[in-house]
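So the chains spell out like this:
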Amino acid sequence: MFDTIAAISTPLGEGGIGIVRISGEKSLEILEKVFRASRPKNWRTVQSHTIHYGHVVEQKSGEVVDEVLVSVMRGPRTFTAEDVVEINCHGGIVPLQKILELVLQAGARLAEPGEYTKRAFLNGRIDLSQAEAVIDIIRARTDQGLKVAVNQLAGALSAKVKNLREELLGLLAFIEAGVDFPEEDVQQVSLKEIGDRVIEVNQQVKRLLSGADAGRIYREGIRMVIAGKPNVGKSSLLNALLRERRAIVTDIPGTTRDVIEEVINLRGIPVRIIDTAGIRDTTDIVERLGVEKTREWLAQADLVLLVIDALTGITREDKEILDLIGEQRVIILVNKIDVEKPRIDKEEVMEWAGDRVCLEISAREEIGLEELADTVVGMVLEGKVVAADQGLVTRVRHQESLQRAARHLEQVEEGVLLGFAQDLLSIDLKAAWEALGEITGDTLGEDVLDRIFAEFCIGK
Ligand SMILES: Nc1nc2c(ncn2[C@@H]2O[C@H](COP(=O)(O)OP(=O)(O)OP(=O)(O)O)[C@@H](O)[C@H]2O)c(=O)[nH]1
Ligand SMILES: [Mg+2]
């Protein structure tokens, strides 16, 4: 059905091994042209899922390119469900490129990004949400993110969605045929029964949706910006959270000029921490640019840590920065509580902070950091602790489809209350069924597919 594709499937660079992967009908034919096994084989009859030792040889010159191990896997029990050959060679850029070149000359086409996974989808081995899980596994930055993705690859979300669709399809069938439920004797399907079942399905859709934000947070992480006036200890806090000296710390205000970004793992959630230049009015051109950037970052933050200094107490600058943060989610951190003579008045801070969360820390002595981590995680998840059957929805794409399905189901519920004719209800039922199908890829246009698979790297 498809042509045969090939690509380097390991990252470019030096490594113990590198893999050129070939997938498609002609995989073995191509292998025969580039590979000389230590013992001659008949590739037409060779057993599936076997490994063979030998050399990749340039046919024309007879020159040996590399010593390799070749895995032969016949479809459909392969990643793409097609015949797959993997050439394991030495992991250097030159042997890999040379072998790929020979494979292409022998009749393969260079694979597009994500094309192997796309084929696995098009050949019906996995559905769309599972294909997306493949890329999430590759990109996972925390154990928890990995767990969610592996669950999705195993088909946890697909199974849920499939059940809901079947339920809706059943209702549609009854309405359209105007017949009874077979398992309920000869009773006619009443409007009320349809309503009840739709409510039930919609509750499950909403349950999935309620875990969506958490699912997305585990996948994508959050952006946390450390802000505050100069010299309050923002970079010290970054370093303490990272447990390394990433940013320069000095007692000179205005030390950080550019934005520094690092990723940490907070209780399984990937957090991008952004250390910014201290905000103040300044004439120094470099520092002013830094301050400008800080404002831009603030606007994009999921959460702001506003650091104030126990040595100075609350100043006019702190108040201005809090105004700048406005309605954004913020944790106020009183830093340097280790000093002997803090000049901060707790009550004043509480009053100023209002109903915002306020913690006392010492970045230098690493005091209060555990509590900070708990608070951050608590805030971003907002009690949305992920139950096993909830944290399945990890993408905006899934969330949007679910939301659309929920809206159509609500229309049906309303229609039932108003006593609409059953064939009118079926329009929204069908729309909900289709919206759910987008998650698994059962109802999808070609362009959506291209967009999804373009996210992948070549060779996957
Ligand atoms: N005693 C005490 N000193 C601290 C603490 N945290 C930071 N400092 C000191 O405060 C000074 C400024 O720290 P930085 O981390 O560079 O402050 P900053 O907010 O990044 O400053 P800018 O980059 O200039 O905006 C340094 O001398 C730090 O050693 C703390 O928890 N306790
Ligand atoms: Mg700094």
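Calculation notes
Per chain, residues are indexed from 1 in the order of the written sequence. Written order decides the labels, with chains lettered from A and ligands numbered from 1. Local features in this predicted model are restricted to residues whose pLDDT is 70 or higher, and side-chain atom pairs enter the listing and the counts only when it is 80 or higher, whereas totals over whole chains, interfaces and linings include all residues. A run of DSSP states H or I qualifies as a helix once it reaches four residues; a run of E qualifies as a strand once it reaches two. Both are numbered from the N-terminal end. Radius of gyration: over C-alpha atoms. The globule rule applied is 2.2 Å multiplied by the number of residues raised to the 0.38 power. Residues with at least 20 neighbouring C-beta atoms inside 10 Å of their own are called buried, those with 12 or fewer are called exposed, and the rest are partly exposed, where every C-beta is derived from the backbone. We call two residues in contact if the C-beta atoms placed from their backbones are at most 7 Å apart. Following DSSP output, two strands are said to pair if at least two bridges run between them. Angles run from 0 to 180 degrees between N-to-C directions of axes, and those axes are lines fitted to C-alpha atoms, restricted for helices to the stretch in contact. Domain start and stop points were drawn from an automatic or database domain assignment.

Trainee: So, the overall build of the protein: which residues are in play, and what are the values?
Mentor: Within the protein, the regular secondary structure consists of 16 helices and 13 strands. Over its C-alpha trace the protein gives a radius of gyration of 29 Å, far above what one expects of a compact globule, namely 23 Å for 460 residues. Projected onto the principal axes, the alpha-carbon positions of the protein cover approximately 85 × 80 × 35 Å. Within the protein, buried positions represent 39% of all 460 residues. The long-range share in the protein, meaning contacts at least 24 apart out of those at least 6 apart in sequence, stands at 69%.

Trainee: Let's hear about the sheet that holds strand S3 (residues 35-37): which residues, and what values?
Mentor: Here we have seven strands laid out as an open sheet, ordered S3-S4-S5-S6-S2-S1-S7, and mixed in their pairing. Two strands in the sheet have a free side with no partner beyond their single neighbour: S3 and strand S7 (109-110). Note: strand S1 (residues 5-8) against strand S2 (residues 15-23), four bridges, orientation antiparallel. Note on S2: the bridge partner recorded for Ile5 is Ser23. Sitting on the sheet, helix H1 (residues 27-34) is in contact with S2, S3, strand S4 (50-57), strand S5 (64-73) and strand S6 (84-91), with an inclination near 35° to S6.

Trainee: I'd like a description of the environment of Leu122, backed by residues and values.
Mentor: Summarising the element assignment, Leu122 is placed in helix H3 (residues 115-122). Taking C-alpha positions, Leu122 is 9.8 Å from Gly441, a pair spaced 319 residues apart along the chain.

Trainee: Please provide a residue-by-residue account of the domain arrangement of the protein, values included.
Mentor: Here the protein is described as being made up of domain 1 (5-111), domain 2 (129-211 + 392-454) and domain 3 (218-381). The C-alpha centroid of domain 2 is placed 42 Å from the C-alpha centroid of domain 1.

Trainee: Could you give an account of the sheet that holds strand S10 (residues 269-275), naming the residues involved and the relevant values?
Mentor: Across the sheet, six strands lie side by side as S9-S10-S8-S11-S12-S13; this open sheet has mixed pairing. At either end of the open sheet lies a strand with only one pairing partner, and these are strand S9 (260-266) and strand S13 (357-360). Each neighbouring strand pair of the sheet contributes to a mean axis angle of 25°, computed without reference to strand direction. The pairing of strand S8 (residues 222-227) with strand S11 (residues 303-309) spans four bridges and is parallel. Bridging from a neighbouring strand, Met224 pairs with Leu303 of S11. Sheet strands in contact with helix H11 (residues 316-325) are S8, S11 and strand S12 (330-335), and its direction is about 175° off that of S11. Where helix H13 (residues 369-381) meets the sheet, it contacts S8, S9, S10, S11, S12 and S13, and its direction lies at approximately 165° from that of S13.

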